[in-house]
Amino acid sequence: MTLLIRVVKQVQRKSFQCHLLYRFSSDNAALRKGHECKWLCGSSQEILSAVREQVDVRQNFISEEEENALFKEVEPGLRKKRYEFDHWDHAIHGYKETERLQWGVECESILRRVRAVAFPEGSPLLGPIHVLDLDKEGYIKPHIDSVKFCGSTIAGLSLLSDSIMRLVPENNSADWVDLLLSRRSLYILRDDARFKFTHEILKDEDSFFSGQKVPRHRRISVICRNLPV
Ligand code: OGA
Ligand code: MN
């Protein structure tokens, strides 16, 4: 997986202030049911409409017990590693990572659920699951995952902490979309949201959603990807 991290395309960008906030507010059916878009905001309705079909966050996708089972399975491997802070050229700051092919029964059944909701049936998947552990001081800079190694969809479970994932169109860095990735949620990014937008995980000091502070603690993500076709 180091390979994936190394070949991401990084984008250097000035940090910017969020003056204008728009919550997604179309009258689509899901919104009328009142169970979503608590997790999506952005710089304009247009940009929200552009990504709306390609991003999803399922809050409380896993239970506390399931979070615990995943944590127990990845922690022994992670404990042996040190957080890496000093590679200025890396897309990720303050992290350690591992990948895992074989999982215990409970975790395997969680991952089966992830695959079932995130990927089209029969879509070839990257075998190993990527586990990324961000220190409280850690963050992920804007980047696009390698199109050579990763397919159209990425699905990630967030353990231990809430966080903000920001998407910015590659061709217009004035626009942005923020996803509130609550602890134990599953996020899915597809197609243009994967290829035409950079994604990043904000550092604690910048971690606000719709003007509200979202404290960033240590965060572990468990990420499934498909293969390029
Ligand atoms: C990555 C990445 C997001 C996450 O590893 O390329 O963007 O949820 N991770 O950790
Ligand atoms: Mn990425």
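Before reading further, recall that the structure is shown in the block above.
A brief structural summary. (Residues numbered from 1 in each chain as written. Chains lettered and ligands numbered in written order. Predicted model: local features only at pLDDT ≥ 70, side-chain atom pairs only at ≥ 80, totals over all residues. Heavy atoms only, no water.)

**Considering the overall build of the protein chain**
Here comes step 1: Assigned secondary structure in the protein chain consists of 6 helices and 14 strands.
Here comes step 2: Across the 229 residues that make up the protein chain, the buried fraction comes to 50%.
Here comes step 3: Taking the intrachain contacts of the protein chain between residues at least 6 apart in sequence as the baseline, contacts between residues at least 24 apart amount to 78%.
Here comes step 4: Accessible surface for the protein chain amounts to roughly 11400 Å². Of this, 50% is attributable to carbon and sulfur atoms. (Helix = DSSP H or I, 4+ residues; strand = E, 2+ residues; numbered from the N terminus. Buried < 20%, exposed > 50% of the residue type's maximum accessible area, 1.4 Å probe, protein only. Contact = heavy atoms within 4.5 Å. Areas by Shrake-Rupley, 256 points an atom, 1.4 Å probe, with all protein chains shown as cover.)

**As for the coordination of the manganese ion (ligand 2)**
Tetrahedral coordination by four donors puts the ideal angle at the metal at 109.5 degrees, and octahedral coordination by six puts it at 90 or 180 degrees.
Here comes step 1: Distances from the manganese ion (ligand 2) to its protein donors, namely His143 (NE2), Asp145 (OD) and His199 (NE2), fall within the range 2.1 Å.
Here comes step 2: Donor residues for the manganese ion (ligand 2) sit on one chain with the sequence pattern H-x1-D-x53-H. Of this pair, histidine 143 sits in strand β6 (residues 129-144) while histidine 199 sits in strand β11 (residues 197-201), and the two are 56 residues apart along the sequence.
Here comes step 3: The class of histidine 143 is buried, set by a relative accessible area of 5%. (Donors = N, O, S within 2.8 Å, 3.2 Å for Na, K, Ca; no water.)

**What to know about the site of ligand 1**
Here comes step 1: Near ligand 1 there are 12 residues, and of these Asp145, Tyr187, His199, Arg219 and Ser221 occur at the shortest range.
Here comes step 2: Serine 221 places a polar side-chain atom, nitrogen or oxygen, 2.6 Å from an oxygen atom of ligand 1.
Here comes step 3: Within the side chain of arginine 225, a nitrogen or oxygen atom sits 3.2 Å from an oxygen atom of ligand 1.
Here comes step 4: Protein coverage of the free-state accessible area of ligand 1, which is 290 Å², stands at 99%.
Here comes step 5: At the level of elements, β6 and β14 (219-225) are the ones that each hand at least two residues to the shell around ligand 1.
Here comes step 6: Looking at the shell around ligand 1 residue by residue, the classes come out as 5 nonpolar, 4 polar and 3 charged. (Near = heavy atom within 4 Å. Polar contact = N/O pair within 3.5 Å; in protein donor to acceptor, adjacent residues only side chain to side chain. Nonpolar A, V, L, I, M, F, W, Y, C, P; charged D, E, K, R; others polar.)

**Topic: helix α4 (residues 64-79)**
Here comes step 1: If you check α4, its first and last C-alpha atoms are 21 Å apart, about what 16 residues at 1.5 Å a residue would give, namely 22 Å.
Here comes step 2: Remark: the principal bend of α4, roughly 30°, maps to glutamate 73, with a proline, proline 76, within the next four residues.
Here comes step 3: Along α4, the residues that are buried comprise Glu66, Glu67, Ala69, Leu70, Glu73, Val74, Glu75 and Leu78.
Here comes step 4: Buried residues belonging to α4 abut β5 (92-100), α5 (105-118), β6, β7 (153-159) and β14. (Expected span 1.5 Å × (residues − 1). Bend = angle between axes of the 7 residues up to and from the residue.)

**Overview of α5**
Here comes step 1: Taking 1.5 Å as the rise per residue, α5 with 14 residues should run 20 Å; its terminal C-alpha atoms sit 20 Å apart, in good agreement.
Here comes step 2: Taken together, the buried positions of α5 are Cys107, Ile110, Leu111, Val114 and Ala118. Buried positions in α5, seen along its axis, are confined to an arc of 95° and lie on one side of it. Projecting away from the buried face of α5 at angles above 90 degrees are the exposed residues Val105, Arg112 and Ala116. (Arc of directions from axis to C-beta.)

**Focus: the packing of aromatic side chains**
Here comes step 1: Evaluation of the coordinates by the stated rule reveals 0 aromatic pairs.
Here comes step 2: Taking the ring centre of phenylalanine 61 as reference, the NZ or CZ of arginine 113 above it sits at 4.7 Å.
Here comes step 3: The positively charged end of arginine 166 is found above the aromatic ring belonging to tryptophan 176, 5.4 Å away from the centroid. (Phe/Tyr/Trp six-rings, centres within 6.5 Å; stacked < 30°, edge-to-face > 60°. Lys NZ or Arg CZ within 6 Å of the ring centre and 35° of its normal.)

**Observations concerning the pattern of salt bridges**
Here comes step 1: Summed over all chains, the structure comprises 15 salt bridges.
Here comes step 2: In this structure, the salt-bridge partner of glutamate 75 is arginine 79, at a minimum N-O distance of 3.8 Å. Highlighted residues: glutamate 75 and arginine 79, both in helix α4, separated by 4 residues, approximately one helical turn.
Here comes step 3: Relative accessible area serves as the criterion here: at 58%, arginine 79 is assigned to the exposed category.
Here comes step 4: Across the pair aspartate 145 and arginine 225 runs a salt bridge, and its minimum N-O distance is 3.2 Å. Of this pair, aspartate 145 sits in the loop between β6 and β7 while arginine 225 is found in strand β14, placing the two residues 80 residues apart along the sequence.
Here comes step 5: Each member of the salt-bridge network shares a partner with another, and the members are Glu64, Glu67, Arg183 and Arg184. (Salt bridge = Lys/Arg side-chain N within 4 Å of Asp/Glu carboxyl O.)

Without other data, these values stay purely geometric and don't point to any function.
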